[in-house]
Amino acid sequence: MAPQQSRTQVITQHRFGGPEVLEAEERPRPEPGPGEVLVRVRATGVNTVDLLARSGTAPVYGDPPFILGHDVSGVVEAAGEGVTRFRPGDAVFGRIDTGAYAGHVTAPADRLAPKPATLDHIHAAATPTAALTACHALLDIARVGPGTRVLIHSAAGGVGHTAVQLAKAEGAYVIGTARADRHPFLRDLGVDELVDPATADFTDAVHDVDVALDLIGGDYGPRTLGTLRPGGLLISAVPGDLGLAPEDVEARGMRFALVEAQPSGERLARAAALLADGRVHVRVGAALPLTDAAKAHRLAEAGRTQGALVLVLPSD
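All of these numbers come straight from a predicted model, not from anything done at the bench.

When helices and strands are counted, the protein shows 10 helices and 16 strands. Relative to the compact-globule value of 20 Å for 316 residues, the protein shows a C-alpha radius of gyration of 20 Å, a close match. Dimensions of the protein, computed from C-alpha atoms along their principal axes, come out at roughly 75 × 40 × 35 Å. For the protein, buried positions account for 53% of its 316 residues.

The following block contains the structure:
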């Protein structure tokens, strides 16, 4: 009799819908192909795109069934042909194409980076999308520096609070929009000005911005144009409705860039250096068992957490 193939737990869905469509199943454990590694997942992050994909608002994976999840932290269990960068036992983290809500994943080795020893798996899993997005937006595109006036929407969220710290580390003047109960957290991160959109219109309170990072979308994009100085830069990192077209921005004498968190072990290694030396601290708002994925999605949709949401797997 042939030996039974090892299996692993996943969270999948067979239809679009609310958090209740997420369900636990067992699947055959994947095997790494050439250039890939097999990672035993210790923790995986929950991102906005997961919510949009689950509901069908942004059907980025086509029709169900599929397994959500991009951000992963874990331990290499096996390396495929041609992989020399990692060996079994190495702790790694990174952003993969999809499928991170699982006990085991395979991924190209160049999508991963060594996990900083100063980070546990929970905080490492909260990092990849946020760090890749913030670094690409503020360092590569905007090239923020001392005195740059930066507006960050949803500043207390996973990407937002990471972007705040990156901007402050570069000497920028940071303005954030967030609910009032998150203002103490953001002041501790060094935010210079705060606006609560529930009680004040940021378009009245904020002016002469050099760079604005929109993490919300919808009408926030066009409204933000009114806060920018002539020639200012609007960067959108929204996986859904941008609220405007690039030509709308250019017609008003401003610049526009769309940012996606492209998987890159090299870029993530650069961000890891900022994490390792303490210049950036990732805040985890809640860490739940993988089997509580539906609960995590409800928390994310309610917007009641400060920082990132993470799903955790047992270490045994």
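Text resumes after the structure shown.
With 14 residues, helix α3 (residues 128-141) extends 18 Å between its outermost C-alpha atoms, agreeing within 8% with the 20 Å of an ideal straight helix rising 1.5 Å per residue. Of all 14 residues in α3, 12 are buried; the element is thus mostly enclosed. Here α3 has its buried residues at Pro128, Thr129, Ala130, Ala131, Leu132, Thr133, Ala134, Cys135, His136, Ala137, Leu138 and Leu139. Within two residues after α3, Arg143 carries a phi angle of roughly 50°, on the positive side.

What follows concerns the nonpolar core. Soluble globular proteins: nonpolar side chains tend toward being buried together. Core analysis: the largest hydrophobic core is formed by 48 residues, its most contacted members being Leu138, Ile152 and Ile235. In terms of residues, this core owes the most to one element, α3, which gives seven residues. If near-sequence neighbours (up to four positions away) are discounted, Leu138 is found in contact with Arg143, Val144, Val150, Ala163, Ala167 and Val211.

On to the packing of aromatic side chains, then. A complete count under the given rule lists three aromatic pairs for this structure. When the ring of Phe16 is compared with that of Phe66, the centres are 6.2 Å apart and the planes differ by 50°; the resulting orientation is tilted. In this pair, Phe16 sits in the loop between β1 (7-13) and β2 (23-28) while Phe66 sits in strand β4 (residues 66-67), placing the two residues 50 residues apart along the sequence. With a relative accessible area of 28%, Phe16 lands in the partly exposed category. Exposure remark for Phe66: the relative accessible area of 9% places this residue in the buried category. Seen from their ring centres, Phe202 and Tyr220 are 5.4 Å apart, and the 25° between their planes marks the pair as stacked. Of this pair, Phe202 sits in helix α6 (residues 202-205) while Tyr220 sits in helix α7 (residues 220-224), placing them 18 residues apart in sequence. Each member of the pair, Phe202 as well as Tyr220, carries the same accessibility label: buried. Among the aromatic residues, ring-to-ring pairing joins Phe16, Tyr61 and Phe66 into one connected group. Here Arg223 stacks its cationic end above the ring of Tyr220, 5.4 Å away from the centre of that ring. Above the face of the Phe185 ring, Arg283 is positioned so that its terminal group lies 4.7 Å from the ring centre.

What counts and how
- Residues numbered from 1 in each chain as written.
- Predicted model: local features only at pLDDT ≥ 70, side-chain atom pairs only at ≥ 80, totals over all residues.
- Heavy atoms only, no water.
- Helix = DSSP H or I, 4+ residues; strand = E, 2+ residues; numbered from the N terminus.
- Rg over C-alpha atoms; globule rule 2.2 N^0.38 Å.
- Buried < 20%, exposed > 50% of the residue type's maximum accessible area, 1.4 Å probe, protein only.
- Expected span 1.5 Å × (residues − 1).
- Core = buried A, V, L, I, M, F, W, Y, C linked by side-chain atoms within 4.5 Å.
- Contact = heavy atoms within 4.5 Å.
- Phe/Tyr/Trp six-rings, centres within 6.5 Å; stacked < 30°, edge-to-face > 60°.
- Lys NZ or Arg CZ within 6 Å of the ring centre and 35° of its normal.

In short, shape yes, function no, at least from these values alone.
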